[in-house]
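One letter stands for each residue in the lines below.
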Amino acid sequence: MVLVEKTKVAARMSGGLKGQADEWILAVVQRYNASTQKYVVLDVDAGDEGGLMGAPAASKQHTAPAQSPWLHSFDPRAVEPTAYSHYNEFKAGSSVLALYPDTTCFYKAYVATPPSQSNPNPSHRRDYMIEFEDENEVTGRSEPMRVPQKYTLRLPM
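The model shown is predicted, which means the values in this text are computed figures rather than measured ones.

For the overall build of the protein, give the residues involved together with the corresponding values.
Tallying secondary structure elements over the protein gives 0 helices and 10 strands in all. Listed by position from the N terminus, the elements making up the protein come as β-β-β-β-β-β-β-β-β-β. The buried share of the protein, taken over its 157 residues, is 36%. For the protein, the computed accessible surface area is about 10,300 Å², with 51% contributed by carbon and sulfur atoms.

Pasting the structure below:
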């Protein structure tokens, strides 16, 4: 299945240098090239930045292979489950890839509290409470932060 333009995705960007970690960003599909089987995606952080006449800044455009695990699309029609199980929820302590609040980057993190056990936010949505890796903390993890379910993903291999 080819992702259509303007689909939001988590896109894996190669670290480039040997030993350098890959980075995951929140991006939007710009187009698909069938001959190379690659997507051109735009970092959603590109926002108001732009080149001449509002064209996207080249540094914010990336090319990503179509095959997994380079892209993860988000279903805009996805709704919160009415019942939770191990099929649709990560349990406490699970390693995940989660969107750091108020950024466009995904990082390795851990589930502190799954949605089935968390209180709804002001929008009545149940989020994950996520602890991100943080070398500045004694525990090695941040304080728990709210992350929407759709931005909490299985940690890729």
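Can you break down the nonpolar core residue by residue, with the values?
Counting residues in hydrophobic clusters, the biggest one holds 19 residues, and the most contacted among them are Phe74, Val96, Ala98, Phe106, Ile130, Phe132 and Tyr151. Ala11, Ile25, Tyr39 and Cys105 belong to the second largest nonpolar core, which has 12 residues in total.

If you had to explain unusual backbone geometry to someone new, which residues and values would you point to?
Positive phi outside glycine occurs at Gln37, with the angle close to 55 degrees. Mapped onto the elements, Gln37 comes out in the loop between β2 (23–33) and β3 (38–43).

Outline the layout of surface pockets, listing residues and values.
Taken as a whole, the largest pocket holds about 580 Å³ of empty space. Surrounding the largest pocket, 22 residues form its lining, Ala78, Asn88, Gln149, Lys150 and Thr152 being those nearest its centre. Mapped by element, the contributors of at least two residues to the lining of the largest pocket are β5 (71–73) and β10 (152–154). Top element by residues in the lining of the largest pocket is β10. It accounts for 3 residues.

Talk me through the confidence of the model for the protein; I want residue IDs and the actual numbers.
In the predicted model, the protein carries a mean pLDDT of 83, and the fraction of residues at 70 or more is 83%. In this model residues 48–57 is a low-confidence stretch, pLDDT under 50, and it forms 9 contacts with partners more than four residues away in sequence or in other chains.

Give a detailed account of the pairing of strand β7 (residues 105–113), specifying residues and quantitative values.
Here 2 bridges tie β2 to β7, and the two strands are oriented antiparallel to one another. Residue pairing in the sheet places Ile25 in a bridge with Cys105 of β7. Bridging between β7 and strand β8 (residues 128–132) involves 4 bridges; their strand directions are antiparallel. Across the sheet, the residue bridging to Ala109 is Phe132, located in β8.

Break down the pattern of salt bridges for me, citing the residues and quoting the values.
All chains considered together, the criterion is met by 5 salt bridges. Salt-bridge contacts for Arg125 lead to Asp127; the nearest nitrogen and oxygen are separated by 2.6 Å. Taking relative accessible area as the criterion, Arg125 reaches 35% and is therefore assigned partly exposed. A salt bridge links Arg146 to Asp127; its shortest N-O distance comes to 3.4 Å. Of this pair, Arg146 sits in strand β9 (residues 145–147) while Asp127 sits in the loop between β7 and β8, placing them 19 residues apart in sequence. Assessed through its relative accessible area of 34%, Arg146 is described here as partly exposed.

Tell me about the packing of aromatic side chains, residues and numbers included.
Enumeration over the complete set of coordinates arrives at 5 aromatic pairs. Residues Tyr32 and Tyr39 carry aromatic rings whose centres are separated by 4.7 Å and whose planes lie at 50 degrees to one another, so their mutual orientation is tilted. Tyr32 gets classed as partly exposed once you look at its relative accessible area, which sits at 27%. Accessibility expressed as a relative area gives 3% for Tyr39, which makes it buried. Cluster of aromatic residues (ring-pair linked, three or more members): Tyr100, Tyr107 and Phe132. Arg141 extends its terminal NZ or CZ atom over the ring of Tyr110, reaching a point 3.7 Å from the ring centre.

What counts, and at which threshold
- Every chain is numbered on its own, with residues counted from 1 as its sequence reads.
- Residue-level local features of this predicted model are given only where pLDDT is at least 70; pairs of side-chain atoms are given and counted only at 80 or more, and the full residue set underlies all totals for whole chains, interfaces and linings.
- Each side-chain value is worked out from all heavy atoms of the structure, with water and hydrogens disregarded.
- Helix and strand assignments follow DSSP, with helices taken as H or I runs no shorter than four residues and strands as E runs no shorter than two, numbered in order from the N terminus.
- Only protein chains enter the accessibility calculation, which uses a 1.4 Å probe. A residue is then buried if its area is under 20% of the maximum for its type, exposed if over 50%, and partly exposed in between.
- Per-residue and other accessible areas follow the Shrake-Rupley method at a 1.4 Å probe size, with only the shown protein chains counted as cover for residues.
- Take the buried Ala, Val, Leu, Ile, Met, Phe, Trp, Tyr and Cys residues and link them wherever side-chain atoms come within 4.5 Å; each set so joined is a nonpolar core.
- Definitions used for this entry: grid spacing 1 Å over protein atoms alone; cavity, a set of points where a 1.4 Å probe fits but cannot get out; pocket, an open set with protein on both sides within 12 Å along at least 5 of 7 lines; lining residue, one with an atom within 4 Å of a point.
- Grid points are joined across faces, edges and corners, and a volume is the space filled by probe spheres set on the points.
- What pLDDT conveys is the predictor's confidence in a given residue, as a value from 0 to 100.
- Note on contacts: a residue pair qualifies if any of its non-hydrogen atoms lie within 4.5 Å across the two residues.
- Whether two strands pair depends on DSSP finding at least two bridges between them.
- What counts as a salt bridge is simple: a side-chain nitrogen of Lys or Arg found within 4 Å of a carboxyl oxygen of Asp or Glu.
- Any two rings among Phe, Tyr and Trp, with Trp reduced to its six-membered ring, count as a pair given centres within 6.5 Å; such a pair is stacked if its planes are under 30 degrees apart, edge-to-face if over 60, and tilted if neither.
- We call a charge positioned over a ring when the NZ of a Lys or the CZ of an Arg lies within 6 Å of the ring centre and within 35 degrees of the ring normal.

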